[in-house]
Amino acid sequence: MEGPSRRGLLGGAALAAGAAAVSASPARAETAGAPVTGPVTVLPGDPRYQELTVGYNQRWVGRPDYVRVVSSTAQVVAAVQEAVDAGKRISVVCGGHCLAPFVFNPDVEVVIDLSGLDAVYFDAQRRAFAVEGGARLSGVYDRLYKQWGVTIPGGMCPTVGIGGHATGGGYGFLSRQHGTVIDHLAAVEVVVVDRSGRARVVVASREPGDPDRELWWACAGGGGGNFGIVTRFWFRTPGASGSDPGRLLVNPPKDVLLSAVGIPWSALDRTTFATLVTNWGAWYEQHAAPSDPARVLSGVASLAHRSSGNVFLLTQVDAAAPGAETILSGYLRDLTAGLGVDAVVAAQPAQRLPWLRAVKLIAASIPSFINPTLRGSSKSAYLRRSYTAEQAGAMYDALTRPGFANPAAAVTLAGFSGGAINAVPADRTALVHRGAAFWTLFETQWQDPAADAANIGWLRELYASVWSATGGYPVPGDQADGCYVNNPDPDITDPAWNRSGVPWHTLYYKGNYPRLQQAKAAYDPREVFRHAQSVALP
């Protein structure tokens with residue numbers, strides 16, 4: 001049986017600055033009140049080894065010499081130094097959701113596991129919220145909101161780790177209203193290795209006078225595994241003043257309106273499906289401006305394979321926003337206009353829920369968020385303009401193709417771009433995609449290794465068909481804007497699939513890549529931290 005897609009069932013829910021190696025903040029044990037344990041070294045003969053050498057995607061299994069489970073920055077420094085001295089290849093894991101073989105692969109000899117480094121606390125010295133590099137989103141949301149009434153505008157999967165999520169940008173249902181996660185990133189603590197081979201800690205902030213500001217900039221959207229190991233993030237909204245923690249970061253809505261609408265596949269043909277897709281993209285294109293009142297709404301269209309039975313629209317609106325119900329009803333009306341299927345649209349009345357309860361409901365409704373048995377393949381695209389009818393038709397053909405029936409195969413349109421995200425200049429952080437209206441996840445998941453070829457082939461053909469006019473990839477231009485680094489795609493470097501002539505780093509970083517290379521040279525000159533698509537030395 002094919003496993004459920006973590007996106008395909010969405011609608012089913014009704015290092016001190018400079019050369020010093022001293023951190024600028026108190027030790028974790030003193031600040032967070034939690035004892036430092038470990039480190040723990042897990043060898044191949046240990047029963048825990050098999051659990052610690054595979055991530056979310058079961059296709060990728062590591063065979064390192066050992067896994068080092070750490071719970072303090074000092075332990076990370078020691079683990080890195082030990083591996084460097086021994087000449088061993090390092091990778092780091094925090095949430096375990098890397099969808100490509102960057103963390104777990106045959107070249108990696110030492111995995112540094114940050115799962116014991118997961119505290120969340122208010123750092124009065126920095127007037128910012130500290131989140132350690134091994135924390136997962138569910139714990140971050142719970143702690144920030146219950147203790148201080150604040151949050152970060154991150155993603156909806158509870159088991160994703162902050163380390164990879166934040167360094168790649170970080171999007172979620174609040175992002176159109178409040179920006180990306182890294183738009184609120186005040187500083188980072190990173191374990192780096194200098195040219196002499198010495199592991200050290202650098203604390204880099206967004207302050208203009210910080211001599212290590214370029215490291216902060218690179219970690220704010222430059223992707224994980226490139227410059228060092230981020231052991232701590234500090235979050236404070238730009239411009240926030242005073243000492244009251246509750247006023248220094250995003251205050252989420254007290255309540256949200258959560259809407260789930262299902263449209264049966266039996267009510268869709270190629271034309272009406274294309275109408276739905278183009279309607280959806282057109283709405284986000286028209287409402288991408290930072291000042292647009294509809295930035296309080298974000299939605300997802302889960303276009304799962306026909307064998308799933310339905311496609312779904314999941315939408316969240318800030319319930320306290322002026323005209324919230326009107327914005328939602330107008331949105332749903334615009335998306336379904338011209339479908340001719342009003343009588344068969346299964347729409348439940350929108351639920352008014354406390355914000356954190358809505359976060360947990362969405363997470364609980366998607367079993368594969370916590371399913372540890374799935375294999376998968378995914379690709380992404382940023383869009384500045386709506387899909388064309390021809391591109392939507394290519395999606396329809398793949399999602400209804402005879403001989404392939406996997407309800408976990410889906411195209412997910414994610415309305416997590418535009419709005420406040422687009423108010424930030426493209427060079428202020430390494431996250432360059434500031435003009436997009438929405439982005440898309442092309443994905444399939446399954447359980448049986450024997451189904452690898454069928455699923456991988458199906459996804460490749462779907463993506464290549466949608467982007468056939470630009471060589472198989474969403475080349476930055478009038479309509480498309482490249483790919484999301486947090487959905488890494490192994491095929492992006494293969495000319496057999498990426499026939500666009502545009503290199504992978506342009507698709508991920510556009511014009512920011514040369515600056516990322518300079519940061520690489522400054523903070524990882526020995527390329528200790530690298531993977532198949534890491535930032536290269538200039």
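This is a predicted model, so every value here is computed, not measured. (Residues numbered from 1 in each chain as written. Predicted model: local features only at pLDDT ≥ 70, side-chain atom pairs only at ≥ 80, totals over all residues. Heavy atoms only, no water.)

(A) The environment of Asn 251, seen in detail. Relative to the helices and strands, Asn 251 resides in the loop between β9 (229-235) and β10 (255-264). Setting aside residues up to four positions removed in sequence, Asn 251 forms contacts with Gly 149, Val 150, His 178 and Gly 246. Here the side chain of Asn 251 touches Gly 246 through a polar contact of 3.0 Å, landing on its backbone oxygen. (Helix = DSSP H or I, 4+ residues; strand = E, 2+ residues; numbered from the N terminus. Contact = heavy atoms within 4.5 Å. Polar contact = N/O pair within 3.5 Å; in protein donor to acceptor, adjacent residues only side chain to side chain.)

(B) Representation of the side chain of Asp 113 in the model. Relative to the elements of secondary structure, Asp 113 occurs in strand β4 (residues 110-113). In this structure, Asp 113 is buried with no salt-bridge partner, the nearest side chain bearing the opposite charge being Arg 136 at 6.8 Å. At a separation of 2.7 Å, a polar atom in the side chain of Asp 113 contacts the side chain of Ser 115. Those residues within four positions of Asp 113 in sequence are excluded, and the remaining contacts are Leu 52, Val 67, Arg 68, Val 69, Val 70 and Val 93. (Buried < 20%, exposed > 50% of the residue type's maximum accessible area, 1.4 Å probe, protein only. Lys, Arg positive; Asp, Glu negative; His and termini not counted. Salt bridge = Lys/Arg side-chain N within 4 Å of Asp/Glu carboxyl O.)

(C) View of the packing of helix α11 (residues 389-399) against helix α12 (residues 452-466). For the pair α11 and α12, the least separation of the axes is 8 Å and the interaxial angle reads 165°. Classified by the angle between their axes, α11 and α12 sit roughly antiparallel to one another. In this structure, the crossing between α11 and α12 has a hand that is right-handed. Between α11, through Gln 391, Ala 394, Met 395, Ala 398 and Leu 399, and α12, the contact on the second element is made entirely by Trp 458, Leu 462, Ser 465 and Val 466. Class assignment for the residues of the contact of α11 with α12 results in seven nonpolar, two polar and no charged. (Axes fitted to C-alpha atoms, helices over the stretch in contact; angles between N-to-C directions. Parallel < 35°, antiparallel > 145°, perpendicular 65-115°, else oblique. Left-handed = near helix turned anticlockwise from the far one by under 90°. Nonpolar A, V, L, I, M, F, W, Y, C, P; charged D, E, K, R; others polar.)

(D) Structural context of the nonpolar core. In terms of nonpolar packing, the biggest core is built from 129 residues, with Leu 303, Tyr 387 and Phe 442 touching the most fellow members. No other element matches the seven residues that helix α8 (residues 270-286) contributes to this core. Beyond its immediate chain neighbours, meaning those up to four positions away, Tyr 387 contacts Val 277, Thr 278, Ala 381, Met 395, Leu 413, Phe 438, Thr 440, Phe 442, Val 466, Trp 467 and Gln 479. Counting residues in hydrophobic clusters, the runner-up holds 21 residues, among them Val 80, Val 110, Val 191 and Phe 529. (Core = buried A, V, L, I, M, F, W, Y, C linked by side-chain atoms within 4.5 Å.)

(E) Here's a closer look at the sheet that holds strand β8 (residues 199-205). Taken in spatial order, the five strands of this open sheet run β5-β6-β9-β7-β8, and their pairing is antiparallel. Of all the strands in the sheet, the pair left with one neighbour each is β5 (120-123) and β8. With direction set aside, neighbouring strand axes in the sheet form an average angle of 20°. Its contacts with the sheet put helix α4 (residues 137-148) on β5 and β6 (128-132), and the angle it makes with β5 is roughly 45°. (Pairing = 2+ DSSP bridges.)

(F) A look at the sheet that holds strand β3 (residues 90-93). Taken in spatial order, the four strands make up an open sheet running β1-β2-β4-β3, and their pairing is mixed. Only two strands of the sheet have a single partner each, and these edge strands are β1 (40-42) and β3. Going across the sheet, the axis of each strand differs from the next one's by a mean of 25°, ignoring polarity. Bridge count between β3 and β4: four bridges; the pairing is parallel. Bridge pairing in β4 links Ser 91 to Val 111. Strands in contact with helix α3 (residues 73-86) are β2 (66-69), β3 and β4; relative to β2, the strand with the most contacts, it is inclined by about 160°.

(G) Highlighting the pairing of β2. Side-chain alternation along β2 places Tyr 66 and Arg 68 on one buried face and Val 67 and Val 69 on a second face that is also buried. Of the strand pairs in this sheet, β1 and β2 are connected by three bridges, and their pairing is antiparallel. In the sheet register, Val 40 faces β2, and the bridge partner there is Val 69. Where β2 and β4 come together, four bridges link them in parallel fashion. In the sheet register, Val 67 faces β4, and the bridge partner there is Val 111.

(H) The environment of Leu 117, seen in detail. Following the sequence through the fold, Leu 117 ends up in the loop between β4 and β5. With a relative accessible area of 2%, Leu 117 lands in the buried category. Once the C-alpha coordinates of Leu 117 and Ala 135 are considered, the two residues, 18 residues apart in sequence, prove to be 6.8 Å apart.

(I) A look at unusual backbone geometry. Of the consecutive residues Gly 38 and Pro 39, the connecting peptide bond is found in the cis state with omega at 0°. Summarising the element assignment, Pro 39 is placed in the loop between α1 (28-32) and β1. A positive phi angle, near 50°, is found at Arg 127, a position not held by glycine. Position of Arg 127 relative to the elements: it lies in the loop between β5 and β6.

(J) Geometry of the packing of aromatic side chains. As enumerated under the stated definition, the model contains 29 aromatic pairs in all. Measuring from centroid to centroid gives 4.2 Å for Trp 280 and Tyr 284, while their planes differ by 35°, and the two rings are tilted. A residue pair is termed a helical-turn pair when its members lie 3 or 4 positions apart in one helix, as Trp 280 and Tyr 284 do in helix α8 at four residues. Judged by its relative accessible area of 1%, Trp 280 falls in the buried class. An aromatic cluster is built from Trp 280, Trp 283, Tyr 284, Tyr 331, Tyr 387, Phe 438 and Trp 467, whose rings are joined through pairwise contacts. Here the basic side chain of Arg 515 rests over the ring of Trp 217, its NZ or CZ set 3.9 Å away from the ring centre. (Phe/Tyr/Trp six-rings, centres within 6.5 Å; stacked < 30°, edge-to-face > 60°. Lys NZ or Arg CZ within 6 Å of the ring centre and 35° of its normal.)

(K) Structural context of the UniProt feature "domain: FAD-binding PCMH-type" (unreviewed entry) in the protein chain. UniProt records the feature "domain: FAD-binding PCMH-type" (unreviewed entry) for residues 59-240 in the present numbering. Measuring from the first to the last C-alpha atom of residues 59-240 gives 44 Å, for a span that is 24% helix and 24% strand. (UniProt positions renumbered as here; feature names shortened; annotations may be inferred.)

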